[in-house]
Amino acid sequence: MHWLWVFLVGLVVGVVAKLLTPGRDPGGFIVTGLIGIAGSLLATWVGVHVLHMYAPGQSAGWIASVIGAVVLLLAYHMVFKNKAS
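Procedures and definitions
- Residues numbered from 1 in each chain as written.
- Predicted model: local features only at pLDDT ≥ 70, side-chain atom pairs only at ≥ 80, totals over all residues.
- Heavy atoms only, no water.
- UniProt positions renumbered as here; feature names shortened; annotations may be inferred.
- Helix = DSSP H or I, 4+ residues; strand = E, 2+ residues; numbered from the N terminus.
- Rg over C-alpha atoms; globule rule 2.2 N^0.38 Å.
- Buried < 20%, exposed > 50% of the residue type's maximum accessible area, 1.4 Å probe, protein only.
- Contact = heavy atoms within 4.5 Å.
- Areas by Shrake-Rupley, 256 points an atom, 1.4 Å probe, with all protein chains shown as cover.
- Expected span 1.5 Å × (residues − 1).
- Axes fitted to C-alpha atoms, helices over the stretch in contact; angles between N-to-C directions.
- Parallel < 35°, antiparallel > 145°, perpendicular 65-115°, else oblique.
- Left-handed = near helix turned anticlockwise from the far one by under 90°.
- Nonpolar A, V, L, I, M, F, W, Y, C, P; charged D, E, K, R; others polar.

- As recorded in an unreviewed UniProt entry, the protein chain goes by the name GlsB/YeaQ/YmgE family stress response membrane protein, listed as coming from Dyella lutea.
- Under Sequence similarities (unreviewed entry), UniProt gives the following word-for-word description of the protein chain: "Belongs to the UPF0410 family."
- Turning to the protein chain, the UniProt annotation filed under Subcellular location (unreviewed entry) states: "Cell membrane".

This is the structure in structure tokens:
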């Protein structure tokens, strides 16, 4: 049940990030969920190891997760900007 909850939260975070990021984005709802999960993991890692905002074992919140997903989508756009039509 935990993994279902993780995916649903990731899906919501991914959808919000896609709405905030201009341009064409990859994939359907599975990729959107994975982008949301990856954004949350990125935000947690940055918050714990770089900015020291969270204690080890603590996870990022909604806003930080969305920011992490937006950063991933912007990186995607930078890498694949020439292939977009």
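Section: the overall build of the protein chain
1) Next: For the protein chain, the helix and strand inventory stands at 3 helices and 0 strands.
2) Next: The helix and strand sequence of the protein chain, counted from the amino end, reads α-α-α.
3) Next: Computed over the C-alpha atoms, the radius of gyration of the protein chain is 13 Å, within 12% of the 12 Å expected from 2.2 N^0.38 for a compact globule of 85 residues.
4) Next: The burial tally for the protein chain puts 31% of its 85 residues in the buried class.
5) Next: In the protein chain, the share of contacts with a sequence separation of at least 24, taken over all contacts with a separation of at least 6, comes to 56%.
6) Next: A total of about 5,900 Å² of accessible surface is found on the protein chain, and carbon and sulfur atoms cover 74% of it.

So, helix H3 (residues 62-79)
1) Next: A rise of 1.5 Å per residue sets the reference length of H3, with its 18 residues, at 26 Å; its end C-alpha atoms lie 26 Å apart and thus fit the reference within 8%.
2) Next: Listing the buried residues of H3 in full gives Ala64, Ser65, Val66, Gly68, Ala69, Val70, Leu73 and His77.
3) Next: Looking at the packing, one finds that the buried side of H3 touches helix H1 (2-20) and helix H2 (29-50).

A closer look at the packing of H1 against H3
What describes two packed helices is the angle between their axes and the distance between those same axes.
1) Next: At a minimum axis separation of 8 Å, H1 and H3 run at an interaxial angle of 60°. Classed by the angle they form, the pair H1 and H3 counts as oblique. Seen from above, H1 lies across H3 with right-handed handedness. Contact with H1, carried on its side by Val9, Val12, Val13, Val16, Ala17, Lys18 and Leu20, involves Trp62, Ser65, Val66, Ala69, Val70 and Leu73 of H3 and no other residues of that element.
2) Next: Split by residue class, the contact of H1 with H3 holds 11 nonpolar, 1 polar and 1 charged.

Side note on the packing of H1 against H2
1) Next: At a minimum axis separation of 6 Å, H1 and H2 run at an interaxial angle of 95°. On the basis of their axis angle, the class for H1 and H2 is roughly perpendicular. Counted together, Val6, Phe7, Gly10, Leu11, Val13, Gly14, Val15 and Lys18 of H1 and Phe29, Ile30, Thr32, Gly33, Leu34, Gly36 and Ile37 of H2 form the full contact between these two elements.

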